[in-house]
Amino acid sequence: MTDVTHQISAVRRTVGTRTLEAGEARVLTISQTYDAPLEDVWDACTNAERIPRWFLPISGELRVGGQYQLEGNAGGTVQRCDPPTGFAATWEYGGEVSWIEVRLTREGGRRTRFELEHVAHVDDERWLEFGPGAVGVGWDLGLLGLASHLRADGTGVKPEQAAAWLASEEARRFMTAVSESWGEASVAGGADPDAARAAAARTTAAYTGVPA
């Protein structure tokens, strides 16, 4: 299993805004550098046979214009694909549409920087209640899964093991820590510190089942 303490510090999280035609949107960016070549990380992120090994089962057509569906989660349309450096897609869940973009950058001979940007229109009331961690914690879990999957020594966690791990005390500590990290990223992005940390506490409770 990937060292979750190292994982928390290995990830960079930022929160900002962007003006779109429909108005102001929130922008979450999460990134991590992996000890794996660019082509391997690209394949892990775009190969329908590999995605379920670190993220979720996926169906549909993974091509520009194609529709995809993650089991029990979001679906959408692939809008752009630039192998092996990135792709963009809509992220549609619960009747709402947001957008994701993945960018991969080669760092040295066998290291790759993974960066995901999630852009969404979020009303002020919901943002005040949960902040960026509402989706940020989920992306952190995804990057943890990818880190485990890319382990060169073969000690990565299989999906069935990951499901059991999510119910563990270690997982609760991980989700608590990354929720707090998203709260601090929100503060760094200009949010009121008390409001951002209170929102992070509510997000932690939602993910862990432990009351704030």
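All values reported here derive from a predicted model rather than from experimental measurement.

## Some remarks on the packing of helix α4 (residues 133–149) against helix α6 (residues 169–188)
Then step 1. Put simply, α4 and α6 touch, their axes get as near as 9 Å, and they point 125° apart. The angle between α4 and α6 falls in the class oblique. The handedness of the crossing between α4 and α6 is right-handed. Only Phe-174, Met-175, Val-178, Ser-179 and Trp-182 of α6 make contact with α4, whose side of the interface consists of Gly-133, Gly-136, Val-137, Asp-140, Leu-141 and Leu-144.

## Details of the nonpolar core
Then step 1. Counting 42 residues, the largest nonpolar core has Phe-114 and Leu-146 as the members making the most contacts within it.
Then step 2. Residue assignment for this core shows that the elements contributing at least two residues are β2 (23–34), α2 (38–46), β4 (67–70), β6 (86–93), β7 (96–107), β8 (111–120), α4 and α6.
Then step 3. If near-sequence neighbours (up to four positions away) are discounted, Leu-146 is found in contact with Tyr-34, Ala-44, Cys-45, Trp-54 and Phe-114.

## Let's talk about the environment of Arg-151
Then step 1. Here Arg-151 is to be found in the loop between α4 and α5 (159–165).
Then step 2. Accessibility expressed as a relative area gives 32% for Arg-151, which makes it partly exposed.
Then step 3. Measuring from C-alpha to C-alpha, the distance between Arg-151 and Tyr-34 comes to 9.1 Å, with 117 residues separating the pair along the chain.

## Side note on the side chain of Thr-204
Then step 1. Within the fold, Thr-204 resides in helix α7 (residues 193–208).
Then step 2. Exposure remark for Thr-204: the relative accessible area of 11% places this residue in the buried category.
Then step 3. Leaving out residues up to four positions away in the same chain, Thr-204 has contacts with Thr-176, Ser-179 and Gly-209.

## Considering the pairing of β8
Looking along a regular strand, one sees side chains alternate from face to face of the sheet.
Then step 1. Most of β8 sits out of view: 8 of its 10 residues are buried.
Then step 2. Inspection of the sheet shows β2 paired to β8 by 9 bridges, in the antiparallel sense. Directly across from Ser-31, in β8, lies its bridge partner Glu-115.
Then step 3. In this sheet, β8 lies alongside β7 in antiparallel orientation, the contact comprising 9 bridges. Bridging across to β8, Glu-107 finds its partner in Arg-111.
Then step 4. Taken together, β7 and the strand that follows it, β8, pair antiparallel across an intervening segment of 3 residues, in which Gly-108 is found at a positive phi of about 75°.

The rules behind each value
- Residues numbered from 1 in each chain as written.
- Predicted model: local features only at pLDDT ≥ 70, side-chain atom pairs only at ≥ 80, totals over all residues.
- Heavy atoms only, no water.
- Axes fitted to C-alpha atoms, helices over the stretch in contact; angles between N-to-C directions.
- Helix = DSSP H or I, 4+ residues; strand = E, 2+ residues; numbered from the N terminus.
- Parallel < 35°, antiparallel > 145°, perpendicular 65-115°, else oblique.
- Left-handed = near helix turned anticlockwise from the far one by under 90°.
- Contact = heavy atoms within 4.5 Å.
- Core = buried A, V, L, I, M, F, W, Y, C linked by side-chain atoms within 4.5 Å.
- Buried < 20%, exposed > 50% of the residue type's maximum accessible area, 1.4 Å probe, protein only.
- Pairing = 2+ DSSP bridges.

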